[in-house]
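Results of the structural survey
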Amino acid sequence: MNSNLLQDDDATLVEWTIESEHAGERIDKWIAETMDMPGLSRTQVQEWIKAGAVTVNGKIVKANYKLVLGDVLAIDVPESADANIEAEDIPLEVVYEDSDVIVINKPRGMVVHPAPGHSSGTVVNALMHHCKDLSGINGLLRPGIVHRIDKDTTGLLMAAKNDLAHVSLAEQLKEHSVTRKYIALVHGNVPHDQGTIDAPIGRDRNDRKLFTVTEHNSKPAVTHFLVLERLGDYTLLELQLETGRTHQIRVHMKYIGYPMAGDPTYGRNKTVALDGQALHAAVLGFTHPRTGERLLFEAPLPEDYEHVLASLKSR
């Protein structure tokens, strides 16, 4: 059995190539017995399979699937069952907070939740110290986390402080009633003043650390864009998410030929003075889970992003 661990900002992927001695075994039983995750049950594995987190050769299978020699089995791993995440006194820029929800302005370079390679210094570590109480629906590694933004994306992020709030916010995300607007600087001169990118996103079959527009084992993804300003061979855009797939904006902009400036993964060679993509979650709006009040928050561009724009405008 050959195994491989892949990581990105938002997910951990474990892959195995099945060898002859495991051919013929049921996939759910084999995963439960093979994964080094204390407390993992066969029932939990079956839930992963139902949710589409387990694939064989890039395809979703059923729990009774029998493994075949050479099968490439992949799992988008949730959190470790025995994780011991510590609260850390890390400063947070709190935009809004009450007994149900908290909204922060996340800085560049900060991972949202612990994962292999990022066990500390995350938003979750900071929230655990700041809030003390967070919803437990997403498990031990992601308490309170309802949605995520990439490590080097800046801006607004909401978290739930109890399960009632978590269920409400998650349902709003599912129904696409949460307002999420981003400011992005992309390469090229986008010709249309506005438009919609409707293209499904899934893992890249050639490099499973990446995501791409594909019809293979993908999920619907919709991004709306509006041109704010054209800056020579760059364009400043406002983008509104209708869905929230991993790396959605970055993948969609690359797909239409206008990759994100500063993006080390989906963009071009380093072209702007940023440590990461020029992407900022500027607007976040949702209905308060307890009061029913519609809340809308805005966060200004970070200083390094403003410097890049000023430099482009002064050319």
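Residues numbered from 1 in each chain as written. Predicted model: local features only at pLDDT ≥ 70, side-chain atom pairs only at ≥ 80, totals over all residues. Heavy atoms only, no water.

Description of the packing of helix α1 (residues 27–34) against helix α2 (residues 42–50)
Running from amino to carboxyl end, α1 crosses α2 at an angle of 120°, the nearest separation of the two axes being 9 Å. Classified by the interaxial angle, the pair formed by α1 and α2 is oblique. Like other packed secondary-structure pairs, α1 and α2 cross with a definite hand, here right-handed. Contacts between α1 and α2 involve I27, D28, K29, I31 and A32 from the first element and R42, V45, Q46 and I49 from the second. For the contact of α1 with α2, the class distribution of residues is five nonpolar, one polar and three charged. (Axes fitted to C-alpha atoms, helices over the stretch in contact; angles between N-to-C directions. Helix = DSSP H or I, 4+ residues; strand = E, 2+ residues; numbered from the N terminus. Parallel < 35°, antiparallel > 145°, perpendicular 65-115°, else oblique. Left-handed = near helix turned anticlockwise from the far one by under 90°. Contact = heavy atoms within 4.5 Å. Nonpolar A, V, L, I, M, F, W, Y, C, P; charged D, E, K, R; others polar.)

A word on unusual backbone geometry
You will see that N57, though not glycine, has its phi angle at about 55°, which is positive. Assessed through its relative accessible area of 39%, N57 is described here as partly exposed. A positive phi angle is found at H176, which is not glycine, with a value near 65°. Tracing the chain through its elements places H176 in the loop between α4 (163–174) and β9 (179–187). According to the relative accessible area criterion, H176 is partly exposed, its value standing at 43%. (Buried < 20%, exposed > 50% of the residue type's maximum accessible area, 1.4 Å probe, protein only.)

Considering helix α6 (residues 303–313)
Spacing of three or four residues puts side chains on the same side of an α-helix, whose turn is 3.6 residues. For α6, every residue scored as buried is listed here: Y305, V308, L309 and L312. Seen end-on, α6 carries its buried residues on one side only, within an arc spanning 95°. Taken together, the buried residues of α6 touch β9, β13 (222–231), β14 (234–241) and β15 (279–287). (Arc of directions from axis to C-beta.)

Concerning α4
For α4, spanning 12 residues, the distance from its first C-alpha to its last is 16 Å, which sits close to the expected 16 Å at 1.5 Å a residue. Inspection of α4 places A165, H166, S168, L169, Q172 and L173 among the buried residues, and these make up the whole buried set. Of the residues flanking the start of α4, the one acting as N-cap is N162, its side-chain oxygen 3.3 Å from the backbone nitrogen of L164. Positive phi appears at H176, one or two residues downstream of α4, with a value of about 65°. (Expected span 1.5 Å × (residues − 1). Polar contact = N/O pair within 3.5 Å; in protein donor to acceptor, adjacent residues only side chain to side chain.)

Quick notes on the packing of aromatic side chains
Scanning the entire structure with this criterion turns up three aromatic pairs. Both rings, one in W16 and one in W30, keep their centres 5.2 Å apart while their planes meet at 90°; by these two values the pair is edge-to-face. Of this pair, W16 sits in strand β2 (residues 12–17) while W30 is found in helix α1, placing the two residues 14 residues apart along the sequence. Grouping residues by exposure puts W16 and W30 together as buried. On the numbers, 5.2 Å between centres and 40° between planes, the contact of Y96 with F297 is tilted. Within this pair, whereas Y96 is found in strand β6 (residues 94–97), its partner F297 is found in strand β16 (residues 294–298), the two being separated by 201 residues in sequence. Judged by relative accessible area, which is 24%, Y96 ranks as partly exposed. Feature note: the residues Y96, F286 and F297 constitute an aromatic cluster, connected by ring pairs. (Phe/Tyr/Trp six-rings, centres within 6.5 Å; stacked < 30°, edge-to-face > 60°.)

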